Amino acid sequence: MRYAAVLLVLLTVSGAGAVMGKPLEAYISEAQSKQSPEEIDQAVEIMQKALEEYPGNPTAMAYLGGYIGIQSGHASSAGNMNDAGRLVTTSFEYLDKALALDKENTIALFYRGIMGVNVPEFFGRLDQSITDLETLRDMIVKNPGSAPDIIRFSALVALGDGYDKKGEQQKALETWRNVV
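Residues numbered from 1 in each chain as written. Predicted model: local features only at pLDDT ≥ 70, side-chain atom pairs only at ≥ 80, totals over all residues. Heavy atoms only, no water.

Caption draft 1: Summary view of the overall build of the protein. When helices and strands are tallied, the protein shows nine helices and zero strands. Along its sequence from the N terminus, the protein presents helices and strands in the succession α-α-α-α-α-α-α-α-α. The proportion of buried residues among the 180 residues of the protein is 37%. The contacts of the protein with a sequence gap of at least 6 include a subset with a gap of at least 24, amounting to 52%. Working note: accessible area of the protein is about 10400 Å², and carbon and sulfur atoms make up 56% of it. (Helix = DSSP H or I, 4+ residues; strand = E, 2+ residues; numbered from the N terminus. Buried < 20%, exposed > 50% of the residue type's maximum accessible area, 1.4 Å probe, protein only. Contact = heavy atoms within 4.5 Å. Areas by Shrake-Rupley, 256 points an atom, 1.4 Å probe, with all protein chains shown as cover.)

Caption draft 2: The side chain of Arg112, seen in detail. For Arg112, the position within the fold is in helix α6 (residues 106–118). The residues touching Arg112, leaving out its near neighbours within four places in the chain, are Phe92, Leu95, Asp96, Leu99, Arg125, Gln128, Ser129 and Asp132.

Caption draft 3: Local environment of the layout of surface pockets. Of the pockets and cavities examined, the largest pocket occupies roughly 290 Å³. Looking at the largest pocket, it is lined by 18 residues, and the ones nearest its centre are Ser72, Gly73, Val88, Asn118 and Val119. The dominant element in the lining of the largest pocket, judged by the number of residues it contributes, is helix α4 (residues 58–77), at six residues. Class assignment for the residues of the lining of the largest pocket results in 11 nonpolar, seven polar and no charged. (1 Å grid on protein atoms, 1.4 Å probe; cavity = no way out; pocket = protein on both sides within 12 Å on 5 of 7 lines; lining within 4 Å. Points joined across faces, edges and corners; volume = space filled by probe spheres on them. Nonpolar A, V, L, I, M, F, W, Y, C, P; charged D, E, K, R; others polar.)

Caption draft 4: Broad picture of α4. If you check α4, its first and last C-alpha atoms are 29 Å apart, about what 20 residues at 1.5 Å a residue would give, namely 28 Å. The N-cap residue of α4 is Asn57: its side-chain oxygen and the backbone nitrogen of Thr59 are 2.9 Å apart. Of the residues trailing α4, Gly79 is marked for its positive phi of about 85°. (Expected span 1.5 Å × (residues − 1). Polar contact = N/O pair within 3.5 Å; in protein donor to acceptor, adjacent residues only side chain to side chain.)

Caption draft 5: Focus on the packing of helix α3 (residues 40–53) against α4. It is the contact of α3 with α4, at a shortest axis distance of 9 Å, that shows an interaxial angle of 155°. Here α3 lies roughly antiparallel to α4, going by the angle between them. Considering how the two elements wind past one another, α3 and α4 form a crossing that is left-handed. Residues Ile40, Asp41, Ala43, Val44, Met47, Gln48 and Leu51 of α3 form the contact with α4, whose own contacting residues are Ala60, Met61, Tyr63, Leu64, Tyr67, Ile68, Ile70, Gln71 and His74. (Axes fitted to C-alpha atoms, helices over the stretch in contact; angles between N-to-C directions. Parallel < 35°, antiparallel > 145°, perpendicular 65-115°, else oblique. Left-handed = near helix turned anticlockwise from the far one by under 90°.)

Caption draft 6: How the structure looks around the nonpolar core. If you look at the biggest cluster of nonpolar residues, it comprises 47 residues, and the most contacted ones within it are Leu24, Met47, Tyr63, Tyr67, Tyr111 and Leu136. Listing elements by their share of this core, those giving two or more residues are α2 (24–32), α3, α4, α5 (81–101), α6, α7 (126–142) and α8 (149–165). For this core, the element with the highest residue contribution is α4, accounting for eight residues. Aside from chain neighbours lying at most four places away, what touches Tyr111 is Ala62, Tyr63, Gly66, Tyr67 and Leu95. (Core = buried A, V, L, I, M, F, W, Y, C linked by side-chain atoms within 4.5 Å.)

Caption draft 7: How the structure looks around the pattern of salt bridges. In total, this model carries 10 salt bridges according to the counting rule given. Note that Lys22 and Glu30 form a salt bridge whose closest N and O atoms lie 2.7 Å from each other. Judged by its relative accessible area of 27%, Lys22 is partly exposed. Between Asp96 and Arg125 there is a salt bridge; the shortest N-O distance is 2.9 Å. Of the two residues, Asp96 is situated in helix α5 and Arg125 in the loop between α6 and α7; the sequence distance between them amounts to 29 residues. Through salt bridges with shared partners, a single network forms among Asp96, Arg112, Arg125 and Asp132. (Salt bridge = Lys/Arg side-chain N within 4 Å of Asp/Glu carboxyl O.)

Have a look at this one:
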């Protein structure tokens, strides 16, 4: 009887993979194809489904937080500041959770860094964003293949912007020179 119970548990666990809809990478790929202003809402919905299927996954949280951050930028550009503020807050909540689970999550460091440099100062995220982008830069220096070229390039540009906003023009210039 005990063996039957163990077998039932094993079958249930091994069958759980078959119940899941698709791999996380498939969700990410699908969402990445929906980043235009007209389709960003779809990217968010895709990553919400991914997080439902992979609860607690820091990479799913990071992408969801990043896409919500992109939504906030579109809301801000459209003059809808209430929605933009709400979306920024939600974006940071997901990104903060992702980094609490995995402090070296490249995607979360990237999006939280970019967001923190670009949101208004009253959000109080500039220092954290600089730290995130410096961490990401250092990780990429140690392992150049750890991030795609677009992330490396964008992270360094944003780091330079962060230094500039902080009044550290020499660091900003050095960082931007490294981009070139």
